[in-house]
Amino acid sequence: MIPISDDNPTLRAPLVTWLLLAAIGATWVFIQGAGLNALALVSSVCNLGLVPGELTGLARVGLAVPLGDGLACVIDQEPINRLTPLTSMFLHGSWGHILGNCLFFWVFGNNVEDSMGRLRFLVFYIVCGLAAAAAQVLVDPSSPVPMVGASGAISGIMGAYLILYPRVRVNMLFIFIIIIRIIPLPAWVVLLYWFGLQVITGLPQLNQIDAAGGSGVAVWAHVGGFVAGLVLVKLFENRELTSRRSGWRHRLHPNHP
């Protein structure tokens, strides 16, 4: 099931959400070559992606991690490594990766921005992304595998949405073979189901940490970002905006919770 929209109107144009989406898109096209240039894609992932073992110093310098087509990431000690918890948030590994993240970001991000205000939302997004990166490093501190993607920060937005708007209906696209339906579900069902999948997927990884390898999906970054969103949302929420939004939403959808 894929979220495509929600019944949660905004009071103001979500400028920060648009700008972040534009920054993610520009990074994918101009720095990563839109996935069309293998060398540009791998170089960006290796040099600007987060490698836990490089940050902690637990991965052996010179260790090569194959990424296909005769290309590999090599562990180094470059100063840029300290910035990768931030730069990795704007990188992606494929078209499916970036489009999926951007869709989730659009569905849930505009409402959270509208509930915090633009500056608070920007800080919240970055803090959740950093918390997500920290969670992945904590779980697998010696991994030489680069981590990229906005999903950790977006997970924080989803955690915030769960607290702010648990009963708002999210329209889910359901596809099963030839059956296609749009099913409205309460946000708490959608978000808790998603979070449960991340935890279930991540638990086996706790017993399979390997300094020479690692998981292809940074599931614990998703978990860490989501928990950060849950915990921090009330510190960033603008209660006046939330109250105005609730009144506006109920006027537009009087029969919805």
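You'll find the structure just up there.
Residues numbered from 1 in each chain as written. Predicted model: local features only at pLDDT ≥ 70, side-chain atom pairs only at ≥ 80, totals over all residues. Heavy atoms only, no water.

Visitor: Give me the packing of helix α1 (residues 15-31) against helix α6 (residues 118-139): which residues, what numbers.
Guide: Their axes nearest at 9 Å, the elements α1 and α6 cross at an angle of 40 degrees. In this view, α1 runs oblique relative to α6, as classed from their interaxial angle. Every residue of α6 that contacts α1 at Leu 15, Val 16, Thr 17, Leu 20 and Ile 24 is listed here: Arg 118, Phe 121, Leu 122 and Tyr 125. (Axes fitted to C-alpha atoms, helices over the stretch in contact; angles between N-to-C directions. Helix = DSSP H or I, 4+ residues; strand = E, 2+ residues; numbered from the N terminus. Parallel < 35°, antiparallel > 145°, perpendicular 65-115°, else oblique. Contact = heavy atoms within 4.5 Å.)

Visitor: Can you lay out the packing of aromatic side chains for me, pointing to particular residues and giving the numbers?
Guide: A full pass over the atoms with the stated rule returns 9 aromatic pairs. Where Phe 108 meets Tyr 161, the ring centres are 5.0 Å apart and the plane angle is 80 degrees; that geometry is what we call edge-to-face. Taken together, the positions of Phe 108 in helix α5 (residues 95-116) and Tyr 161 in helix α7 (residues 151-164) put the pair 53 residues apart, joining distant regions of the chain. Tyr 161 gets classed as buried once you look at its relative accessible area, which sits at 0%. Judged by centre distance (4.6 Å) and plane angle (20 degrees), the ring pair of Phe 195 and Phe 226 falls under stacked. Here Phe 195 is found in helix α8 (residues 187-202), whereas its partner Phe 226 is found in helix α9 (residues 219-236), with 31 residues between them in sequence. (Phe/Tyr/Trp six-rings, centres within 6.5 Å; stacked < 30°, edge-to-face > 60°. Buried < 20%, exposed > 50% of the residue type's maximum accessible area, 1.4 Å probe, protein only.)

Visitor: Let's hear about the sheet that holds strand β4 (residues 169-176): which residues, and what values?
Guide: The 3 strands are arranged β1-β4-β5 in an open sheet whose pairing can be described as antiparallel. Of all the strands in the sheet, the pair left with one neighbour each is β1 (2-6) and β5 (179-186). The average undirected angle you get between the axes of adjacent strands in this sheet is 30 degrees. Judged from the 4 bridges that link them, β1 and β4 form a sheet pairing that is antiparallel. (Pairing = 2+ DSSP bridges.)

Visitor: I'd like a description of the side chain of Asn 8, backed by residues and values.
Guide: With respect to the element layout, Asn 8 can be found in the loop between β1 and α1. Exposure remark for Asn 8: the relative accessible area of 4% places this residue in the buried category.

Visitor: Run through α6, naming residues and quoting values.
Guide: If you check α6, its first and last C-alpha atoms are 32 Å apart, about what 22 residues at 1.5 Å a residue would give, namely 32 Å. Restricting attention to buried positions, one finds in α6 the residues Phe 121, Phe 124, Tyr 125, Cys 128, Gly 129, Ala 132, Ala 133, Ala 135, Gln 136 and Val 137. Buried residues in α6 make contact with α1, α3 (52-56), α4 (84-87), α5, α7 and α9. (Expected span 1.5 Å × (residues − 1).)

Visitor: If you had to explain the pairing of strand β2 (residues 64-68) to someone new, which residues and values would you point to?
Guide: Sheet analysis places β2 next to strand β3 (residues 71-74), joined by 4 bridges and oriented antiparallel. Each bridged residue has a counterpart across the sheet, and for Val 65 the counterpart in β3 is Cys 73. Adjacent in sequence and paired antiparallel, β2 and β3 are bridged by 2 residues, among which Asp 69 carries a positive phi angle near 55 degrees.

Visitor: Just give me the short version of the state of the cysteines, but keep the residues and values in it.
Guide: With the rule as written, the count across this model stands at 1 disulfide. Through a disulfide, Cys 46 is tied to Cys 73; the S-S separation comes to 1.7 Å. Around the S-S axis, the bridge from Cys 46 to Cys 73 shows a dihedral of about -80 degrees and counts as left-handed. On the criterion of sequence distance, the pair formed by Cys 46 in helix α2 (residues 38-48) and Cys 73 in strand β3 is long-range, its members being 27 residues apart. A relative accessible area of 14% means that Cys 46 is categorised as buried. Residue Cys 73 is classed as buried on the basis of its relative accessible area, which comes to 5%. (Disulfide = S-S within 2.5 Å.)

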